[in-house]
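# Structure at a glance
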Amino acid sequence: MALGAALASPAGAATLLDYSVYSLGNYSSNNGGTTVAGRVAAAGDVRINSENIGGGLTKADNGTATVIAGGNLSYDNSTLKYGNAVYGGSNNSGKWVQAQTPNGSIIQGNPLDFGALNRTAAGYSASLAGLGANGIFSSRHGAGTLTASSGGLNVFNLTDKDLSSLSKLTLVGDSGGKVVINIDASSFSKHLEFNLGGFAADSVLLNFYNATSLDLQGWKLGGSLLAPDAAITLRGGNILGNIVAGDFKSAGANVSGKAYSGYLDAAGISAIPEPETWLMMLAGFTLVGIMLRRRRRLEVASVLS
């Protein structure tokens, strides 16, 4: 296999959509038992043990990078169904690791711009956190309800206090749009079952925009999880969407990887202007309007004279 083909990234690899799990730091599954349907990438070290990766991919993904470590790679007692494992530092894998990649290779390379992807994750999370809420949250007897009313983007802004008494969270309402749930919590550690209702898994995103630690035990989450500053520990549970974390550790969990379709690529971050940008744009539009009105008055005056 040619080196260029071995290091090839999937189509559109500069987006967060391409990875079931993306870590801005390290990735670890040393306790085993985790299944990840799609690709795994981490800017730092990747340590994988007793894990199944890539079961949701196809033969067309052979020749692409399925497991990507910006740093060192340790890959043992696991199965990589399709594609290659690529590392930027050193390969610390066991003796028989090559047999665990029947349709690919373990090779050194650097197929991703981790700096750009990390900026995308952090910038997108911060941009979403600044959006005003247009959805309604209510709770009763340990069950929370998120009521969406828009066929476009539905935004909910919650705190750790809102979630602390809940064991179940359910989405209801117009299921034709997307849902962003911004959560203000520096840390979070509890079981939570999240029912999507009629919403698609790739239309829902939980944005822990300022969290530094998330210990998620037995989570059943029907959407994606964005926490670019958080060390996420996933113990059991099932995540239908994808995960973007500051650091990632797992044990006995399942990540289906149906990523949130609203993710933007590195160039697309500018599509969500900051408040200052909006003000500058508004001022520019106002100035253009004044100039056009002045021009029309001069043309009318010229005709009348």
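Up top is the structure.
Residues numbered from 1 in each chain as written. Predicted model: local features only at pLDDT ≥ 70, side-chain atom pairs only at ≥ 80, totals over all residues. Heavy atoms only, no water.

## Considering the environment of Gly-132
Here Gly-132 shows up in the loop between helix H2 (114-129) and strand E12 (136-140). Accessibility expressed as a relative area gives 56% for Gly-132, which makes it exposed. Considering only alpha carbons, one finds Gly-132 and Asn-154, 22 residues apart in sequence, at a separation of 9.7 Å. Residue contacts for Gly-132: discarding those within four places in its chain leaves Val-155 and Asn-157. (Helix = DSSP H or I, 4+ residues; strand = E, 2+ residues; numbered from the N terminus. Buried < 20%, exposed > 50% of the residue type's maximum accessible area, 1.4 Å probe, protein only. Contact = heavy atoms within 4.5 Å.)

## Regarding the packing of aromatic side chains
On inspection of all chains with the given rule, the structure shows six aromatic pairs. Members of the aromatic cluster, joined through ring pairs, are Tyr-19, Tyr-22 and Phe-114. (Phe/Tyr/Trp six-rings, centres within 6.5 Å; stacked < 30°, edge-to-face > 60°.)

## Let's talk about the pattern of salt bridges
In the structure shown here, the tally under the stated rule is two salt bridges. Salt-bridge contacts for Arg-39 lead to Asp-61; the nearest nitrogen and oxygen are separated by 2.8 Å. With Arg-39 in strand E4 (residues 39-42) and Asp-61 in the loop between strand E6 (51-53) and strand E7 (65-69), the pair connects residues that are 22 residues apart, well separated along the chain. The class for Asp-61 is buried, based on a relative accessible area of 16%. (Salt bridge = Lys/Arg side-chain N within 4 Å of Asp/Glu carboxyl O.)

## What about the pairing of strand E10 (residues 84-87)?
Here E10 shows a buried face lined by Asn-84 and Val-86 and a second buried face lined by Ala-85 and Tyr-87. Two strands pair when backbone bridges link them, and E7 and E10 are joined in this way by four bridges, in the parallel orientation. Bridge assignment links Ala-69 to a residue of E10, and that residue is Tyr-87. Summarising the sheet, E10 and strand E11 (residues 106-108) pair through three bridges and their orientation is parallel. Bridging across to E11, Tyr-87 finds its partner in Gln-108. (Pairing = 2+ DSSP bridges.)

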